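# Results of the structural survey
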Amino acid sequence: MLANLHVDVRGHRPAELAGIDDRRIAGDHALALQAFHSGITTGTGDVYALGQRPHRQPPLDLQLRQQPQINVVESDRLSSRTGRRVSFGSHNSRAYEPQFVFVYACLPTLDVLRSHAQTGGYSSFRRSERLVTTSLLPTESPVALIDADGQPVPDALWSMPSDEVLVALHRAIVLARRFDAQATALTKQGRLAVYPSARGQEASEIGAALALRPQDWLFPTYRDSMAVVARGVDPVEVLTLLLRGDWHCGYDPYEHLVAPQCTPLATNTLHAVGVGHAATLKGEDTVALVMLGDGATSEGDTHEALNFAGVWKAPVVFFVQNNGYAISVPLAQQTAAPSLAAKGIGYGVPAMLIDGNDPAAVYRAVSVAIARAAAGDGPTLIEAVTYRIEAHTNADDATRYRPAEEVRQWLARDPLTRLTRYLTDRGLLDADRIAALDAEAEAEAAALRQRMNVDAVLDPADLFRYVYAEQTPELRAQQQELAEESR
Ligand SMILES: Cc1ncc(C[n+]2csc(CCOP(=O)(O)OP(=O)(O)O)c2C)c(N)n1
Ligand SMILES: [Mg+2]
């Protein structure tokens with residue numbers, strides 16, 4: 001299928017569709033050929049989309065009757081090495097980030113292609129069952145773009161995010177790590193009841209948060225304060241929610257489209273599917289990204305959420321941070337599956353297995369999944385393999401269930417060290433910039449300390465407000481009683 005069709009992108013390494021792994025061909029009403037070969041860059045006039053697909057495109061049979069908008073093939077070229085090549089220009093390109101090359105080949109588009117390019121190479125347009133199956137499976141080992149030594153992975157599956165994105169990821173990770181250390185310190189000073197550190201997981205936290213578009217929803221867990229802060233929520237408001245216990249929810253979920261951090265495991269997966277499916281019904285361009293841990297994948301809620309996300313093709317990204325443990329329970333005692341990502345196929349949900357300590361891979365994977373969901377192609381399950389360097393929370397003693405050697409090995413795969421090295425090698429970061437960032441992080445931590453040291457002034461009547469739109473007579477009586485007692 002589509003063998004012999006080669007796409008020449010401005011003289012850069014061609015995306016050879018025949019060479020693209022089956023697993024990257026997905027979609028049930030269009031063939032989404034996602035050419036993420038490293039080395040491909042795009043610019044004005046390069047390949048973006050062959051079948052320009054309006055948001056929430058109708059299914060195939062409708063498309064065939066209505067003829068979707070099709071971008072025009074601008075030129076055909078011959079290549080001595082690979083036979084005939086075609087290059088495509090696009091009008092009306094979707095606003096994908098530059099460096100993404102999405103090639104959507106809808107069936108009618110292929111007809112157009114055939115007449116223009118006359119490659120004659122594609123023998124059948126029907127999707128084989130094997131293709132459907134393999135398109136859902138993750139890779140066997142985690143995908144990385146930058147290795148643990150800060151070197152670019154040769155022949156990586158996807159292209160590297162832009163320099164601007166990598167520099168932004170680095171800055172956010174530096175700030176997040178300092179925030180995390182400060183929050184842990186606040187528990188020791190009695191200013192926070194509890195804090196679950198995400199040290200070591202910064203690539204996953206920040207890579208996912210920065211890949212979100214402004215209109216997307218984030219459904220975090222108790223561990224994901226870094227992601228919530230990176231999304232723009234005031235750090236004091238973040239820590240006020242479940243970690244200091246002052247108020248119902250420390251922040252306004254609608255301001256930054258961040259749901260309350262969720263302590264009951266996996267309930268947020270269902271909330272995300274609800275919001276995602278509602279967006280589909282309302283015709284809104286919103287994707288919901290839900291964060292969950294390896295342990296949470298064993299919950300019934302996760303099963304139900306993945307199942308209905310698959311059935312409804314809900315625009316949801318399931319982002320599993322596999323940090324090796326659910327408190328003291330190691331992954332081997334949690335599941336017999338070959339990987340957590342491997343579970344996606346059981347729900348008809350395409351999955352990716354990625355190096356969760358590589359900020360570039362996380363950012364790219366989540367961006368791809370969001371673009372897929374936004375294009376109407378449904379949910380993606382991402383397993384990011386990472387490690388929790390600190391204990392489960394400040395109340396836990398991790399030395400009781402895991403060896404120091406294991407922690408040491410993961411410290412050698414630190415996400416910040418590898419990104420710093422990669423950027424420094426490329427002249428995108430130097431000692432002055434690092435010092436300036438550290439000073440910025442220090443100033444933010446000091447401000448957080450100072451603000452968290454101010455006692456909150458709480459009104460006991462808040463216990464009764466905002467519970468019912470119309471208060472019940474019982475609650476009204478209780479509120480009155482409390483008011484009289486506190487006089
Ligand atoms: C429904 C439910 N069951 C049990 C718990 C108790 N609990 C809190 S955290 C946790 C472990 C979760 O592990 P994982 O999903 O891997 O997330 P991590 O803490 O590693 O980020 C458990 C069992 C809970 N919060 N909710
Ligand atoms: Mg875990």
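If you're wondering where the values come from, they're calculated on a predicted model, not measured in any experiment. (Residues numbered from 1 in each chain as written. Chains lettered and ligands numbered in written order. Predicted model: local features only at pLDDT ≥ 70, side-chain atom pairs only at ≥ 80, totals over all residues.)

### Description of the overall build of the protein
Across its full length, the protein carries 15 helices and 14 strands. In the protein, which comprises 487 residues, the proportion classed as buried is 44%. Counting contacts in the protein only where the partners sit at least 6 residues apart, residues at least 24 apart contribute 74% of the total. (Helix = DSSP H or I, 4+ residues; strand = E, 2+ residues; numbered from the N terminus. Buried ≥ 20, exposed ≤ 12 C-beta atoms within 10 Å, placed from the backbone. Contact = placed C-beta atoms within 7 Å.)

### Description of the sheet that holds strand 13 (residues 351-355)
In spatial order, the strands read 8-9-10-14-13; together these 5 strands make up an open sheet with parallel pairing. Each having just a single partner strand, strand 8 (217-219) and strand 13 make up the two edges of the open sheet. Shown here is a sheet whose adjacent strand axes are inclined to one another by a mean of 20°, direction ignored. Both strand 13 and strand 14 (residues 380-385) contribute to a ladder of 5 bridges, which runs parallel. Within strand 14, the position partnered with L353 by the bridge is E383. Relative to the sheet, helix 9 (residues 267-282) contacts strand 8, strand 9 (288-293) and strand 10 (316-322), its axis offset from that of strand 9 by approximately 170°. (Pairing = 2+ DSSP bridges. Axes fitted to C-alpha atoms, helices over the stretch in contact; angles between N-to-C directions.)

### Notes on the environment of G324
Positionally, G324 belongs in the loop between strand 10 and strand 11 (325-326). For G324 and Y387, which are 63 residues apart along the polypeptide, the C-alpha to C-alpha distance reads 6.1 Å. Beyond its immediate stretch of four places on either side in the chain, G324 contacts P330, L331 and Y387.

### A short note on the packing of helix 9 against helix 10 (residues 300-312)
Viewed as axis vectors pointing N to C, helix 9 and helix 10 meet at an angle of 20°, and their least axial separation amounts to 7 Å. Classified by the angle their axes make, helix 9 and helix 10 are roughly parallel. As for how helix 9 packs across helix 10, the hand of that crossing is left-handed. Contact with helix 9, carried on its side by T267, T269, L270, V273 and H277, involves D301, T302, E304, A305, F308, A309 and W312 of helix 10 and no other residues of that element. Here the contact of helix 9 with helix 10 is built from residues that sort into 6 nonpolar, 4 polar and 2 charged. (Parallel < 35°, antiparallel > 145°, perpendicular 65-115°, else oblique. Left-handed = near helix turned anticlockwise from the far one by under 90°. Nonpolar A, V, L, I, M, F, W, Y, C, P; charged D, E, K, R; others polar.)

### Section: the confidence of the model for the protein
Any segment with low pLDDT has predicted coordinates that should not be analysed in fine detail. When pLDDT is averaged across the protein, the result is 77; 72% of the residues are at 70 or more. Taken together, the stretch residues 1-128 has pLDDT below 50 and engages in 210 contacts with residues farther than four places along the chain or on a different chain. (pLDDT = per-residue confidence, 0-100.)

### What to know about the site of ligand 1
In the region of ligand 1, 14 residues are neighbours, and L265, G293, G295, A296 and A326 sit closest. Across the shell around ligand 1, the residue classes break down as 6 nonpolar, 5 polar and 3 charged. (Near = placed C-beta within 6 Å.)

### Here's the deal with helix 5 (residues 202-211)
Across the 10 residues of helix 5, 10 count as buried, placing the element largely inside the fold. Of all the residues in helix 5, the buried ones are E202, A203, S204, E205, I206, G207, A208, A209, L210 and A211.

### Points about the environment of P138
The residue P138 is located in the loop between helix 3 (129-136) and helix 4 (163-188) in this model. On a C-alpha basis, the gap between P138 and E383 in space is 9.1 Å, while along the polypeptide they are 245 residues apart. Not counting residues up to four positions away in its chain, the partners in contact with P138 are S339, A341, A342, A351, M352, L353 and E383.

### Description of the nonpolar core
In this structure, V317, F319, V366 and I382 are the most contacted members of the largest nonpolar core, which totals 98 residues. The element best represented in this core is helix 11 (residues 359-374), accounting for 12 residues. Every residue in contact with V317, bar those within four places of it in the chain, is listed here: V287, L289, V366, A369, I370, A373, P379, T380 and I382. (Core = buried A, V, L, I, M, F, W, Y, C linked by C-beta atoms within 7 Å.)

### Some remarks on the environment of I389
Inspection of the secondary structure puts I389 in the loop between strand 14 and helix 12 (404-411). A sequence separation of 17 residues divides I389 from E406, and the C-alpha atoms of the two residues are 9.7 Å apart. Not counting residues up to four positions away in its chain, the partners in contact with I389 are R199, G200, V407, W410 and L411.

### Focus on unusual backbone geometry
Phi is positive for A266, which is not a glycine, with a value near 70°. For I327, which is not glycine, the phi dihedral falls at a positive 50°. Looking at the secondary structure, you find I327 in the loop between strand 11 and strand 12 (329-330). A count of 12 C-beta atoms within 10 Å places I327 in the exposed class.

### What to know about the pairing of strand 13
The buried count for strand 13 comes to 5 of 5 residues, which makes it a mostly enclosed element. On the question of chirality, the crossover connecting strand 13 to the parallel strand 14 by way of helix 11 is right-handed. (Right-handed = clockwise from strand over helix to strand, strands pointing away.)

### Notes on the packing of helix 4 against helix 14 (residues 431-452)
Running from N to C, helix 4 and helix 14 cross one another at 35°; their axes reach a closest spacing of 9 Å. Relative to helix 14, helix 4 is oriented so that their crossing is right-handed. Where helix 4 abuts helix 14, its residues R171, V174, L175, R178, F179, Q182 and L186 lie against L437, A441, E442, E444, A445, L448, R449 and M452. Here the contact of helix 4 with helix 14 is built from residues that sort into 9 nonpolar, 1 polar and 5 charged.

### Digging into the pairing of strand 14
Most of strand 14 is tucked away, with 6 of its 6 residues classed as buried. Here strand 10 pairs with strand 14 via 6 bridges, running parallel. Note that in strand 14 the partner of F319 across the bridge is I382.

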